[in-house]
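Breakdown of the fold
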Amino acid sequence: MRRLHFFSTTLLCTLLLLSGCDRPTERTAPPAASPEQLLSHGEEFREDVIEVTDGVHVAVGFGIANSIMIEGDDGVIIVDTMESLQAAERVAERFRAITDKPVKALIYTHSHPDHIFGAAAFITPGHTPQVYAHDTLMQEADKIFSVLQPVITRRSLHMYGNLLPDEERTNVGIGPFVAMDDDAGIEMLRPTHTFRDSLDIEVAGVAISLHHMPGETDDQIMVWLPEKRVMMPGDNFYKAFPNLYTIRGTSFRDPKQWADSLDRMRRFDAEHLVPGHSRPISGAEAIRQHLTDYRDAIRYVHDQTIRMMNAGLTPDEIAPQLQLPPHLAASPYLQFFYGKPEWAARMIFQGQLGWFDGNPSNLHPTPPDEKATRLTALIGGETRLAEAVSDAAEAGDHQWVLELTDTLLRVAPDHAEGREARIRALRALAAQEINPNARHWYLTHAAELAGEITVPERIFTPGDEMLAGIPLRAYFNGMAVALDGNAAMDLHQFTVFEFTDLKEAWTLEVRRGVTELHEGARDDADLHVRVDSLRFRQLLAGERNPAVALARDYDFVTGGRVRLARFLRLFNPEIETE
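To keep things clear, this report deals only with the structure shown in the data block. Each residue is numbered by its place in its chain's sequence as written, counting from 1. With the structure being a predicted model, the display of local features is reserved for residues of pLDDT at least 70 and the display and counting of side-chain atom pairs for 80 or more, all residues being used for whole-chain, interface and lining totals. Excluding hydrogens and water, the side-chain figures rest on all heavy atoms present in the structure.

Quick notes on a nonpolar patch on the surface
Patches in this entry comprise residues that are over 30% relatively accessible and not in a salt bridge; like charges within 9 Å are linked, as are nonpolar side chains (Val, Leu, Ile, Met, Phe, Trp, Tyr) within 5 Å. Exposure was quantified through the Shrake-Rupley algorithm and a 1.4 Å probe, taking into account, for residues, occlusion by the shown protein chains and nothing else. Within this document, salt bridges are pairs made up of a side-chain nitrogen of Lys or Arg and a carboxyl oxygen of Asp or Glu, the two lying within 4 Å of each other. On the surface, Leu375, Leu378 and Ile379 cluster together into a nonpolar patch covering about 290 Å² of accessible area. A run of DSSP states H or I qualifies as a helix once it reaches four residues; a run of E qualifies as a strand once it reaches two. Both are numbered from the N-terminal end. Note that leucine 375 resides in helix H11 (residues 368-379). Assessed through its relative accessible area of 35%, leucine 375 is described here as partly exposed. Think of it in three bands: residues with accessible area under 20% of the maximum for their type are buried, residues over 50% are exposed, and the middle band is partly exposed, with areas taken using a 1.4 Å probe on protein chains only.

Put into structure tokens, the structure is as follows:
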């Protein structure tokens, strides 16, 4: 039995005495949402361009995110620019049908790709817009693009179901779909103006106030039109329980900080709220109530998770206990169509205490393959484990089938019946899941196991202008995390990359499994190459064939093509060395 902290216990006793020792009232939670309601939720994202108020239009349903147009005297301002050029071009065409005034400014509410990657589609020929964002936005965007791109791509494709057949894919909880495929182009414009806390600007005669409001991301901003009382909160509010944690993976999202930002937003007394996802809301009272409920739900999840952590519970014990109060669970803006409290609880635990749950067994756990082998022997062998899988499948215990096949397919990766049982369990769990992120992950994993799809590490094609805009240091950061440490364990080499178009050079040192970047060219380098910076960027971004690049793009001061190929192969094993 868990013991509460002394202070908590004393406070509880005092409250019980003051209340006459009344027993707590039993709570009855409202009925849970169903998969059918998830399908109905898709109506929220029917494609439309909505006039929120005079001079403010929002495009909903053209991709996962919204794009907003603010019309001024002699130009327009675009807030957020979609996830791809294809989606953005469709939105831009609809906006131009409303007004042909040129785009004077772009505003990015945060660094997520679905809000910045279609920027070039909105540009009016002959006009160079100002671009506004928080001053940490590019740091976050460059990290996703150069350091985490393979893993984030794979996990995003699982979560959003991009590779599934149309008939298996629902809406994605905060939009109808992600407008990104093999041919998707992306072209963001880097900010020309950034700020830390707040910034008041006037563009095309429109007064705009920008406020840093960390929440779903640390670089999140809120856009406020004081004269029209229109609030654009980015991704800090949408019609679904918030992704306090997203299963595609993210750095820690501080729920308390998110709730604090919502508190600040409530004080603006907006008449219109235009979120980065889902349809706008009008009416000060409705906006105030929904923002309050959203804030309270986030605080409830945060505070109750911390309470149970202080009582000694582990993430696996906290997650299934965490349920919203009935009045919040009934809100149409807090259905679990995107985030879930149980996922948030695990993130809060790790964000506050790290990975260790307090169980000493987990300090040096048995490696998964060895654990699977030993457990299988304990059960009575592979045949007995397979029988247990069959029994669980027959009983409709789909989660137990997944957990048993985790072990079975480690000790016997080619076990056909086990694989088929796992596929059926994944699809059965998907059929009863209301959260599209989880549903799509089940179905995508099932399709992978069945050999129906292969999940790639990248799906979009960055334009040359975007590649050129990313600092060279970001590309070298990407190389650092791509280095095969074991292959480079006995290597100590200095390689100079001299960029002929920029008149600058960098020396990349590989020292026994790690890299260190130095500005300038080292005279005694083992390998010294000259290359146009765009060609270098294209190669690292996978936009240029390595064989062609090595044959045509590089001139050698020291070393040669074979040596360069061997060096690059440390970062990409597919590069030929001969």
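Alright, that's what it looks like, and here's the rest.
Concerning the nonpolar core
Core analysis: the largest hydrophobic core is formed by 142 residues, its most contacted members being Leu106, Tyr108, Phe122, Met231, Phe476, Phe536 and Phe567. If you tally residues by element for this core, the top one is helix H7 (residues 284-310), at 8 residues. In this structure, phenylalanine 567 is in contact with Met479, Gln493, Thr495, Phe497, Leu508, Val510 and Leu527, ignoring residues within four places of it in sequence. We define the nonpolar core as a collection of buried residues of types Ala, Val, Leu, Ile, Met, Phe, Trp, Tyr and Cys that are connected through side-chain atoms lying within 4.5 Å of one another. If you look at the next biggest cluster of nonpolar residues, it comprises 25 residues, including Val60, Ile208, Ile221 and Val223. Any two residues whose heavy atoms approach within 4.5 Å are treated as being in contact.

Focus on helix H12 (residues 382-394)
A helix's residues, less one, multiplied by 1.5 Å, set its expected span. Taking 1.5 Å of rise per residue, 13 residues should cover 18 Å, and H12 covers 18 Å from first to last C-alpha, within 8% of that figure. Of the positions making up H12, those classed as buried are Leu385, Ala388, Val389 and Ala392. Buried positions in H12, seen along its axis, are confined to an arc of 100° and lie on one side of it. Across from the buried face of H12, at angles greater than 90 degrees, the exposed residues are Thr383 and Glu394. Residues of H12 that are buried make contact with H11, helix H13 (398-411) and helix H14 (416-431). In the segment just after H12, glycine 396 is the residue with positive phi, at about 75°. When we speak of the arc, we mean the arc of directions from the helix axis to the C-beta atoms.

Quick notes on the sheet that holds strand S10 (residues 206-212)
In spatial order, the strands read S9-S10-S11-S12-S13-S14; together these 6 strands make up an open sheet with mixed pairing. A strand with exactly one partner marks an edge of an open sheet, and here the two such strands are strand S9 (198-203) and strand S14 (281-282). Pairing between strands is defined by DSSP: at least two bridges between them are needed. Here 3 bridges tie strand S11 (residues 221-225) to strand S12 (residues 230-232), and the two strands are oriented antiparallel to one another. Its bridge partner lying in S12, tryptophan 224 is registered against methionine 231.

Examining the packing of H13 against H14
With axes taken as lines fitted to C-alpha atoms, and helix axes fitted only over the stretch in contact, angles between N-to-C directions fall between 0 and 180 degrees. At a minimum axis distance of 9 Å, the contact between H13 and H14 shows a crossing angle of 145°. Our pair here, H13 against H14, has a crossing hand that is left-handed. Note on element contacts: H14 touches H13 through Gly418, Arg419, Ala421, Arg422, Ala425, Leu426, Ala428 and Leu429, opposite His398, Gln399, Val401, Leu402, Thr405, Asp406, Leu408 and Leu409. Of the residues in the contact of H13 with H14, the class split is 9 nonpolar, 4 polar and 3 charged. Left-handed describes a crossing in which the near helix is turned anticlockwise from the far one by less than a right angle; the clockwise case is right-handed. In the scheme used here, Gly and all other residues not listed as nonpolar or charged are polar, with Ala, Val, Leu, Ile, Met, Phe, Trp, Tyr, Cys and Pro taken as nonpolar and Asp, Glu, Lys and Arg as charged.

Overview of the packing of H7 against helix H10 (residues 341-353)
Between H7 and H10, the least distance of the axes is 10 Å, while the angle of their chain directions is 60°. It follows that H7 is oblique to H10 by the angle criterion. As for the relative orientation of H7 and H10, their crossing is right-handed in sense. Contacts between H7 and H10 involve Val301, His302, Thr305, Ile306 and Met309 on the former and, on the latter, Pro341, Ala344, Ala345, Ile348, Phe349, Gln352 and Leu353. Geometric relationships in this document are graded by angle, where less than 35 degrees denotes roughly parallel, more than 145 denotes roughly antiparallel, 65 to 115 denotes roughly perpendicular, and other angles denote oblique.

Describing the packing of aromatic side chains
The pairing test for Phe, Tyr and Trp rings, Trp by its six-membered ring, is centres within 6.5 Å, and the orientation test on the planes gives stacked under 30 degrees, edge-to-face over 60, and tilted for anything in between. According to the stated counting rule, one finds 16 aromatic pairs in the structure shown. Ring centres of phenylalanine 476 and tryptophan 506 lie 6.2 Å apart, and the angle between their planes is 45°; this geometry places the pair in the tilted category. With phenylalanine 476 in helix H17 (residues 472-482) and tryptophan 506 in strand S17 (residues 504-511), this residue pair connects regions lying 30 residues apart in the sequence. Like phenylalanine 476, the residue tryptophan 506 is buried in the burial classification. Connected via pairs of aromatic rings, a cluster forms that spans Phe476, Phe497, Phe499, Trp506, Phe536, Phe567 and Phe571. Placement of a positive charge over a ring is assigned whenever Lys NZ or Arg CZ falls within 6 Å of the ring centre and within 35 degrees of the normal to the ring plane. The positively charged end of lysine 239 is found above the aromatic ring belonging to tyrosine 333, 5.4 Å away from the centroid.

So, the pattern of salt bridges
On inspection of all chains with the given rule, the structure shows 31 salt bridges. A salt bridge links glutamate 43 to arginine 46, with the shortest nitrogen-to-oxygen separation between them at 3.1 Å. Here aspartate 260 ties to lysine 256 by a salt bridge, and the two come within 3.7 Å at their closest N and O atoms. In this pair, aspartate 260 and lysine 256 both sit in helix H6 (residues 255-266), 4 residues apart, roughly one turn of the helix. By relative accessible area, aspartate 260 is classed as partly exposed at 33%. Among the residues examined, lysine 256 registers a relative accessible area of 37% and is labelled partly exposed. Residues participating in the shared-partner salt-bridge network are Asp263, Arg266, Arg295 and Asp296.

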